[in-house]
2 protein chains.
Amino acid sequence: MFLGTYTNKIDDKNRMAVPAKFRDQLGGKCMLTKGFDECLYIYTMEDFEVMAAKIAALPQSDADFREFIRDFFGNSELCELDGQGRIKIPQNLREYAHITKDLVTTGAMNKVEIWSAETKADFDLAKKMKDSRFTDKLREFSI
Amino acid sequence: MFLGTYTNKIDDKNRMAVPAKFRDQLGGKCMLTKGFDECLYIYTMEDFEVMAAKIAALPQSDADFREFIRDFFGNSELCELDGQGRIKIPQNLREYAHITKDLVTTGAMNKVEIWSAETKADFDLAKKMKDSRFTDKLREFSI
DNA sequence: GTAAAAGTGGGGAAAAGTGGGGTAAAATCT
DNA sequence: AGATTTTACCCCACTTTTCCCCACTTTTAC
């Protein structure tokens, strides 16, 4: 079970230190994939297999599913942790998640999410805007 | 069953002593999570796992569920009590609960609530403000 | 009043995070 | 094909954070 939120940086060689708390569960390697929302996911090998099997089983007759399958596997990468517990994040995934320097890494049960700090902040703000208490208040005072 | 209210401090190393009365029930470790009302919750491992299992079963295809899962697990932490019966409160949770120095820890049946003393005081006053008897009194003074 | 337990503070070793050099492999160009 | 550039990967070094342990103060129990 992946839990907690951490901040890290990606270096000039496009490496990111996987938070130490997550390393034992990954066992030296992991699958890095494109996530829903503009972030990346890290799965254990086992959990990736489960997810991959579900996705591979989608009906190929559906064009939307074909596109999704292509996108999922085309943006999945097997990553081995180096001696310092870091993984390299490839260009296509960096671009998707708008990753430049500062990152937020957060445990989400069976996966780890990697966010660009900026994107995460925007996302959280958007979430706050959607929060009913906030919008109710806004409704009270807006003219 | 967790009962009673205690005051404590968080130190410069972000450690808080769990009231001794609660320690036996926790058994050396506990789950620290984001609570309602800008406070934190401590659950026993067992109770947390029950909740976690329910939440983990929610479908990833729903954006609102993804947000909730991220928020819940990203703001949960497994805390082991040190030799002095203290836990470390991570930054994201300190920020959420506005924790700086003085704390109020209160047993609430199946969980323990951790409040910033200041936030708790504000919250208690807010409750009073909502009480019609209190606001009626204020009204006598044209407030 | 005394002893034990609980609460609080801090030093120091170890671990984690971060940056960078050097070499080998791969890709690209002529 | 050979030469040159780029990329990947292993290793080392430094800084920051974490965690274990000890010590002191305060509270509780008898």
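Residues numbered from 1 in each chain as written. Chains lettered and ligands numbered in written order. Predicted model: local features only at pLDDT ≥ 70, side-chain atom pairs only at ≥ 80, totals over all residues. Heavy atoms only, no water.

(A) Geometry of the protein's contact with DNA strand C. Taken together, 22 residues are adjacent to DNA strand C, and Lys-13 and Arg-23 of chain A together with Lys-13, Arg-15 and Arg-23 of chain B come closest. Backbone atoms, meaning sugar plus phosphate, form 40% of the atoms of DNA strand C positioned within 4 Å of the protein. Between DNA strand C and the protein, one listed contact pairs a base nitrogen with a side-chain N or O atom of Arg-86 of chain B at 3.0 Å. For the surface near DNA strand C, the secondary-structure elements that each account for two or more residues are strand 1 (5-9) and helix 1 (20-26) of chain A together with strand 1 (5-9) and helix 1 (20-26) of chain B. Counted by class, the surface near DNA strand C contains six nonpolar, four polar and 12 charged residues. (Near = heavy atom within 4 Å. Polar contact = N/O pair within 3.5 Å; in protein donor to acceptor, adjacent residues only side chain to side chain. Helix = DSSP H or I, 4+ residues; strand = E, 2+ residues; numbered from the N terminus. Nonpolar A, V, L, I, M, F, W, Y, C, P; charged D, E, K, R; others polar.)

(B) Looking closely at the side chain of Ser-116 of chain A. All names here are of chain A. Considering the arrangement of structural elements, one finds Ser-116 in strand 8 (residues 111-116). Overall, Ser-116 belongs to the buried group, its relative accessible area being 4%. A distance of 3.3 Å separates a polar side-chain atom of Ser-116 from the backbone oxygen of His-98. (Buried < 20%, exposed > 50% of the residue type's maximum accessible area, 1.4 Å probe, protein only.)

(C) Summary view of the protein's contact with DNA strand D. Taken together, the neighbourhood of DNA strand D is formed by Lys-13, Arg-15, Gln-84, Arg-86 and Lys-88 of chain A together with Lys-13, Arg-15, Gln-84, Arg-86 and Lys-88 of chain B. Among the atoms of DNA strand D lying within 4 Å of the protein, the sugar-phosphate backbone contributes 32%. The separation between a base nitrogen of DNA strand D and a polar side-chain atom of Lys-13 of chain B is 3.2 Å. In this structure, Arg-86 of chain B approaches DNA strand D through a side-chain N or O atom, which is 3.4 Å from a base nitrogen. Here the residues of the surface near DNA strand D sort into no nonpolar, two polar and eight charged.

(D) Main features of the state of the cysteines. Here the structure, examined in full by the defined rule, presents zero disulfides over all chains. Cysteine Cys-30 of chain A remains unbridged, with the sulfur of Cys-79 of chain A as its closest cysteine sulfur at 5.0 Å. Cysteine Cys-39 of chain B remains unbridged, with the sulfur of Cys-30 of chain B as its closest cysteine sulfur at 14 Å. Classification of Cys-39 of chain B as buried rests on a relative accessible area of 1%. (Disulfide = S-S within 2.5 Å.)

Don't take any of this as a statement about function, it's just geometry.
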